[in-house]
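# Examination of the molecular architecture
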Amino acid sequence: MAYEIIDNCVSCWACEGVCPSGAISPGTLHGKAHFVIDAKKCTECEGDYADAQCASICPIEGAILNPLKAWANPPGSLTGIPPERLAAAMAEIQAR
Amino acid sequence: MELTVLGQPAEQATIEAEGGCSSSGCGSDSDSLSHLPDHIREKVHNHPCYSEEAHHHYARMHVAVAPACNIQCHYCNRKYDCANESRPGVVSELLSPDDAVKKVMAVAAEIPQMTVLGIAGPGDPLANPERTFETFQQLTEKAPDIKLCVSTNGLALPEQVEELSKHNIDHVTITINTVDPEIGAQIYPWVYWNNRRIKGVKGARILIEQQQKGLKMLTDRGILVKVNSVMIPGVNDKHLEEVSRVVKDNGAFLHNVMPLIAEAEHGTFYGVMGQRGPTHDELQALQDACAGDMNMMRHCRQCRADAVGLLGEDRGDEFTMDKVEVMDIDYEAAMERRKQVQDDIEKQRKMKQAGLVALEGLSVQKKELRPVLMAVATSGGGIINEHFGHAKEFLIYEANATDVRFISHRKVELYCGGGDTCGDGESVLDQIIKTLSGCEAVLCSKIGYEPWDLLEAAGIMPNGEHAMEDIEQAVAAVYAEMAENGALEKPAPTKQIAAQAGA
Ligand code: SF4
Ligand code: SF4
């Protein structure tokens, strides 16, 4: 089982520097620059840290999936912006 | 381009002219560094970000080599360029240390006034120590005439002080928005510390402790530290005076209060939640309040982490990596030319200081002459040489009976200040007038009829009579005129206009 980076990733390199297993590297997905976790190398940080390091430093909500395929950092959990509030603001900007 | 202004070769004069503000007119009298001990003044004398007066002559550049960050700020969205903390978004041109060094040397050869190289992002430089220090290491060897500086949120500072002091980095900027964890929790939702993400007050407390500890460690080693604070109305505005006191006690030599810039389209917490930025008046009042405690910096234009050029201008497009790759740089020759140009600038600065504005010449010495704010349009050289309609920003000066001092820059495009909302259907001109609220005159080289009338109606007197004159001299002259014709006996229009604009 392993963590996985999906296409919300903004390629900020933060996870790459803290992974104890050297499992993370820059790559591409769907033609877009994007960090990638090598599932064979990912240990879920077990034996090294209590928390998965990539998911503990990643600043982008929804960029990393945990082994259960759920968001490690769901919308609102990092920025503190309630998801409905964000959606309303975005809709308002679109309507301008 | 006429060369008499700075006595430079044609090519450099053009650069000056493109500069947002190259006025030499801020003058040593009002220079915020005048009270510093000599050895510190000496160090920052040519530093455009630290010396109010130097920033008219010298250029700085930043390179984006540090993508990762270890905290989250509510005014930042890692997906986009950050308006507050001098950093581009992570997707903007990220450079390897090797490429960064090439770029810096290319710029240094092309812009001899470039004296300072900073690393400020896009993440936190000290959260990317290998890339940051590799860049500094190479530059110390290859371009020893460039000063190095670094900006940080402070979290990783204590553990990096040792390494920092090895690289001969004598300027560090720490962004410190609070010294109170409760307030900190409203600014920083989390920090990454000891391999955990720590949220709320606990995280903020760790950050604050590390910032102050790092600040002390640096100043103990004789490394200059400037503190930046973002002013967030209703969050830390009342508290920043205390921050000023604390950071001064811990050895910071300069405090720079910047206005929060928050728009919903930035996607930041503050932007989406409708947190407003301060008005010009609020910012200035706070800067004045803090100035009682320590040296304040007023000329910061919140330049981006990948910016190139004099403060307020960005020539980054001329130095993208594809262009840099094909440049053939002879750095030995460039260093000689740089020295020549910088020596010339120093000569000019000395002459300038000898002939400072003398307001004693005021023929009317009325009891209590109130101060007046004036806006100035300049494209460089310390003189009034910009057409009103071409100005991308105005320099705000305050004149009183004894002194002319530089207050701030106000940009007139892209960003409409703080709580002033840019309502629909407002013309650009209306917005400019709002931006200039509080000013009683605007000095420019030329101005059209339409803006003239509107400005006059708004209580801001247009003045094109001092075209090509020294900024401080001209501001002093206009002030003297106002004193003569009784304009200073009327109350300042500042408050009403500001109240309307800020409402
Ligand atoms: S969970 Fe741990 S081991 Fe797996 S990729 Fe993330 S940081 Fe690396
Ligand atoms: S920390 Fe998150 S956003 Fe940054 S590179 Fe890793 S997955 Fe992408």
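Presented here is an overview of the structure given in this document. Predicted model, so just to flag it, every value in this text is computed and none were measured.

Here we take up the pairing of strand β3 (residues 114-119) of chain B. Residue and element names in this part refer to chain B. Extensive coverage of β3 is indicated by the burial of six of its six residues. By the bridge criterion, five bridges tie strand β1 (residues 59-63) to β3 in an arrangement that is parallel. When the bridges of β3 are listed, H62 appears paired with G118. As paired strands, β3 and strand β4 (residues 147-152) are joined by four bridges and run parallel to one another. Opposite I119, over in β4, you have V150 as the bridge partner. Handedness of the crossover joining β3 and β4 through helix α4 (residues 129-142): right-handed.

What follows is about the interface of chain B and chain A. Counting residues at the interface gives 25 residues for chain B, matched by 28 residues for chain A. Across the chain B to chain A interface the summed buried area is about 2200 Å²; carbon plus sulfur atoms make up 59%. Counting every contact that joins chain B to chain A gives one salt bridge. The closest approach of N and O atoms between R196 of chain B and D51 of chain A, which form a salt bridge, is 3.0 Å. In this structure, the connection of chain B to chain A is made through nine residue pairs in polar contact (both at pLDDT 80 or more). Every element with two or more residues in the side of chain B that touches chain A is listed here: β6 (190-193), β7 (196-199) and α9 (269-273) of chain B. For the side of chain B that touches chain A, the residue count by class is 13 nonpolar, five polar and seven charged.

A few words on helix α10 (residues 280-291) of chain B. Owing to its 3.6 residues per turn, the α-helix aligns residues three or four sequence positions apart on the same side. In this model α10 of chain B runs 16 Å from its N-terminal to its C-terminal C-alpha over twelve residues, within 8% of the 16 Å that 1.5 Å per residue would give. Taken together, the buried positions of α10 of chain B are H280, D281, L283, Q284, L286, Q287 and C290 of chain B.

Take the sheet that holds strand β2 (residues 71-72) of chain B next. Residue and element names in this part refer to chain B. An order of β2-β6-β7 is seen for the three strands of this open sheet, with the pairing classed as antiparallel. Whereas interior strands pair on both sides, the edge strands pair on one side only; in this sheet they are β2 and β7. Across two bridges, β2 lies against β6 in antiparallel orientation. Across the sheet, the residue bridging to I71 is V191, located in β6.

This paragraph deals with the site of ligand 2. Neighbouring ligand 2 are 13 residues; C9, V10, C12, C15 and C58 of chain A lie closest to it. Of the residues in the shell around ligand 2, the class split is twelve nonpolar, one polar and no charged.

All names here are of chain A. Relative to the helices and strands, H34 is located in strand β3 (residues 32-37). We classify H34 as buried; its relative accessible area is 1%. A distance of 3.2 Å separates a polar side-chain atom of H34 from the backbone nitrogen of D7.

Glancing now at the environment of A156 of chain B. Residues and elements named next belong to chain B. By secondary structure assignment, the location of A156 is in the loop between β4 and α5 (157-166). Residue classification places A156 among the buried positions, given a relative accessible area of 7%. Considered as a pair, A156 and A59 are 97 residues apart in the sequence and their alpha carbons are 28 Å apart. Residue contacts for A156: discarding those within four places in its chain leaves N70 and L126.

The geometry of a pair of packed helices is captured by two quantities: the angle between their axes and the separation between those axes. All names here are of chain B. Packing of helix α8 (residues 240-249) against α10 brings their axes to within 9 Å, and their N-to-C directions diverge by 35°. The interaxial crossing formed by α8 with α10 has right-handed handedness. Along the contact surface, α8 presents L240, E241 and S244, while α10 presents L286, A289 and C290. Within the contact of α8 with α10, the residues separate by chemical class into four nonpolar, one polar and one charged.

Cut-offs and rules
- Residues numbered from 1 in each chain as written.
- Chains lettered and ligands numbered in written order.
- Predicted model: local features only at pLDDT ≥ 70, side-chain atom pairs only at ≥ 80, totals over all residues.
- Heavy atoms only, no water.
- Buried < 20%, exposed > 50% of the residue type's maximum accessible area, 1.4 Å probe, protein only.
- Helix = DSSP H or I, 4+ residues; strand = E, 2+ residues; numbered from the N terminus.
- Pairing = 2+ DSSP bridges.
- Right-handed = clockwise from strand over helix to strand, strands pointing away.
- Contact = heavy atoms within 4.5 Å.
- Buried area = accessible area lost by both parts, 1.4 Å probe.
- Salt bridge = Lys/Arg side-chain N within 4 Å of Asp/Glu carboxyl O.
- Polar contact = N/O pair within 3.5 Å; in protein donor to acceptor, adjacent residues only side chain to side chain.
- Nonpolar A, V, L, I, M, F, W, Y, C, P; charged D, E, K, R; others polar.
- Expected span 1.5 Å × (residues − 1).
- Near = heavy atom within 4 Å.
- Axes fitted to C-alpha atoms, helices over the stretch in contact; angles between N-to-C directions.
- Left-handed = near helix turned anticlockwise from the far one by under 90°.

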